[in-house]
Amino acid sequence: MNHPSTTSLTRRGIIGGGLGLSAAGLLSACGGGKSATGDSVATGAAASAAATAYDGPEVTLSFWNGFTGGDGAYMKKLVDKFTAEHPNVKITTQTMQWADYYAKLPTAVQAGKGPDVAIMHVDSVATNAARKIIQPLDDVAKALSLTESDFAPVPWQAGIYNDVRYSIPLDVHPMGFFYNKDVMDKAGLDADKPPTNNDEYMDALDKLKAKGIQGHWASPFQFTGGMSLYALVHQFGGSLFSDDAATATWDSEQAVKAFTWWTDLIKNGHSPAKVAQDADIIALQNGKTAFNWNGIWSINSLNEKTGLKWGVAALPTIGEKAADWAGSHQFVLPTQKTADQNKSTASRVFLNWISQQSLEWAKGGQVPARNSVRDSAEFKALTEQATIGAQINDLVFPPAVPGIADVIGEFYKSCNEVTLGSKDAATSLKESAARATKMLEANKKKYQG
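Residues numbered from 1 in each chain as written. Predicted model: local features only at pLDDT ≥ 70, side-chain atom pairs only at ≥ 80, totals over all residues. Heavy atoms only, no water.

- As recorded by an unreviewed UniProt entry, the protein carries the name ABC transporter substrate-binding protein and is attributed to Luteococcus sanguinis.

1. Here's the deal with the packing of helix α10 (residues 222-235) against helix α19 (residues 404-420)
Okay, so step 1: Contact geometry of α10 with α19 gives a least axis separation of 9 Å together with a crossing angle of 105°. The angle between α10 and α19 falls in the class roughly perpendicular. Residues Gln-222, Gly-226, Met-227, Leu-229, Tyr-230 and Val-233 of α10 pack against Ile-408, Phe-411, Tyr-412, Cys-415 and Thr-419 of α19.
Okay, so step 2: A class-by-class count of the residues in the contact of α10 with α19 yields eight nonpolar, three polar and no charged. (Axes fitted to C-alpha atoms, helices over the stretch in contact; angles between N-to-C directions. Helix = DSSP H or I, 4+ residues; strand = E, 2+ residues; numbered from the N terminus. Parallel < 35°, antiparallel > 145°, perpendicular 65-115°, else oblique. Contact = heavy atoms within 4.5 Å. Nonpolar A, V, L, I, M, F, W, Y, C, P; charged D, E, K, R; others polar.)

2. Points about the environment of Lys-274
Okay, so step 1: Position of Lys-274 among the secondary structure elements: in the loop between α11 (253-267) and α12 (279-285).
Okay, so step 2: Here the alpha-carbon distance between Lys-274 and Trp-217, two residues 57 residues apart in the chain, equals 9.4 Å.

3. Here's the deal with helix α3 (residues 71-85)
Okay, so step 1: Between its first and last C-alpha, α3 extends 22 Å over 15 residues, near the 21 Å set by a 1.5 Å rise per residue.
Okay, so step 2: Asp-71, Gly-72, Met-75, Leu-78, Val-79 and Phe-82 are the residues of α3 that are buried. Here the buried residues of α3 occupy an arc of 120° about the axis, which is enough to place them on one side. Facing away from the buried side of α3, by more than 90 degrees, are the exposed residues Lys-76 and Ala-84.
Okay, so step 3: Buried positions along α3 lie against β3 (59-65), β4 (89-95), α14 (341-356) and α15 (359-362). (Expected span 1.5 Å × (residues − 1). Buried < 20%, exposed > 50% of the residue type's maximum accessible area, 1.4 Å probe, protein only. Arc of directions from axis to C-beta.)

4. Re the layout of surface pockets
The gaps left among the atoms become clear once a water-sized probe is rolled over them.
Okay, so step 1: Roughly 450 Å³ of internal volume is contained in the largest pocket.
Okay, so step 2: Among the elements of the structure, α10 and α20 (425-448) are those that each provide at least two residues to the lining of the largest pocket.
Okay, so step 3: Counting residues per element, the lining of the largest pocket draws most heavily on α20, at six residues.
Okay, so step 4: Its residues placed into classes, the lining of the largest pocket shows 15 nonpolar, six polar and four charged. (1 Å grid on protein atoms, 1.4 Å probe; cavity = no way out; pocket = protein on both sides within 12 Å on 5 of 7 lines; lining within 4 Å. Points joined across faces, edges and corners; volume = space filled by probe spheres on them.)

5. Details of unusual backbone geometry
Okay, so step 1: Between Phe-223 and the following residue, Thr-224, the backbone shows a cis peptide bond with an omega angle of 15°.
Okay, so step 2: Here Thr-224 shows up in helix α10.
Okay, so step 3: Here Ser-145, not a glycine, exhibits a phi torsion of approximately 55°, which is positive.
Okay, so step 4: You will see that Lys-274, though not glycine, has its phi angle at about 55°, which is positive.

6. Here we look at the packing of α11 against α19
If you want to describe how two helices pack, look at the angle between their axes and the distance between the axes.
Okay, so step 1: Running from N to C, α11 and α19 point in directions that differ by 35°, and their axes come no closer than 10 Å. Every pair of crossing elements has a handedness; the one defined by α11 and α19 is right-handed. Seen from α11, the contacting residues are Phe-259, Trp-262, Thr-263 and Ile-266; seen from α19, they are Phe-411, Ser-414, Cys-415, Val-418 and Thr-419.
Okay, so step 2: Considered class by class, the residues forming the contact of α11 with α19 number six nonpolar, three polar and no charged. (Left-handed = near helix turned anticlockwise from the far one by under 90°.)

7. Quick notes on the sheet that holds strand β8 (residues 168-169)
Okay, so step 1: With respect to topology, five strands assemble into an open sheet ordered β4-β3-β5-β13-β8, the strand pairing being mixed. Every other strand in the sheet has two partners, leaving β4 and β8 as the edge strands with one partner each.
Okay, so step 2: Direction of pairing for strand β5 (residues 117-121) relative to strand β13 (residues 329-332): antiparallel, over a ladder of four bridges. Paired with Met-120 across the strands is Gln-330, a residue of β13.
Okay, so step 3: Here helix α5 (residues 122-130) sits on the sheet and contacts β5 and β13; the angle it forms with β5, its principal contact strand, is near 115°.
Okay, so step 4: Against the sheet, α14 contacts β3, β4, β5, β8 and β13, and its axis sits at roughly 50° relative to β3. (Pairing = 2+ DSSP bridges.)

In structure tokens form, the structure reads like this:
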């Protein structure tokens, strides 16, 4: 994932990963699924290819991802280490902007020129599974003895569509609560004890305001205002979707409360109106504001700012329960028109190895999905990542239904409208939820017949 200092195209492509797929036709299924007992039932090369080691002839695997930011260097280190330990497996990596990636992948797979291994954002997995762009991976999980106990539950469950696993989680990238220690000091706040709940947060904002400081800049954009409101709706006891993901439910009383808290930051003078894209994090860096809720990918960009004294904590619990927005990068194996037993085996070995060695990946600004890595002393020594990672059980992901990324776009439209003051919360949320529900109905027919 790219942090906010990268281009807007890359930044906005992080969640909008489901875009660009409309031209892709359905491909034939590659086989695999689950029996009524829950045991893996896989067919063809994919079933027999799963293995924990590869000792066959030399193969070259193509690996696609969108890690064009600083995180790309960390993935390169992992790939180089893998090839050094597996001399019979060569990796050719193709890195592109995420928007280009999601546009090119279906076309390449349909033409029989897709990669052997790829990375996909969690909200794009179900869409690509429904379109047969990616293969079922129950055989991989079974052969590698991977279970939910090996991973954080939220990203592990997110890789399942229609009771079949289609992805293996690599990481989660939640939001964190970033704060400027020098600005806090100016307002007489304890920079070693950032606020953890609504009362503490509002008290801190009032003290900052008394010193002429607007303490929390409320962005109207998906990055980071929309993500913040995503978390706040859940903190106030609401949800974005019904349990069966058939209805958008963000027009609830709880959501209105969350949006009202957010817009009150502007109304009460804690935030300027009409904050520009990324102006919130820039203001934090320049000492113009004290607090910023932003993605974990901000860690390295903040560390690059000489003389900046900053810290990070879990999001404060503004509502009645802890909740945090997060995304996840997941490994997928694109569908192959022509099966290659050796490549199939080597791809699975590569996928599993990277997952086990993801400490290096964490240094790029991620939280490893694998418990053994996340619980290691080495990861805990990455203080900022570990602090944000402590929210692992409070993370909220979108439901695993096809087309969900486009549907959530309607929620972010309301975030923009309401924050900018063009519509009141109740009206905007009602309208966007109604549009989203119609999209969910249409997507169900489109993807499931």
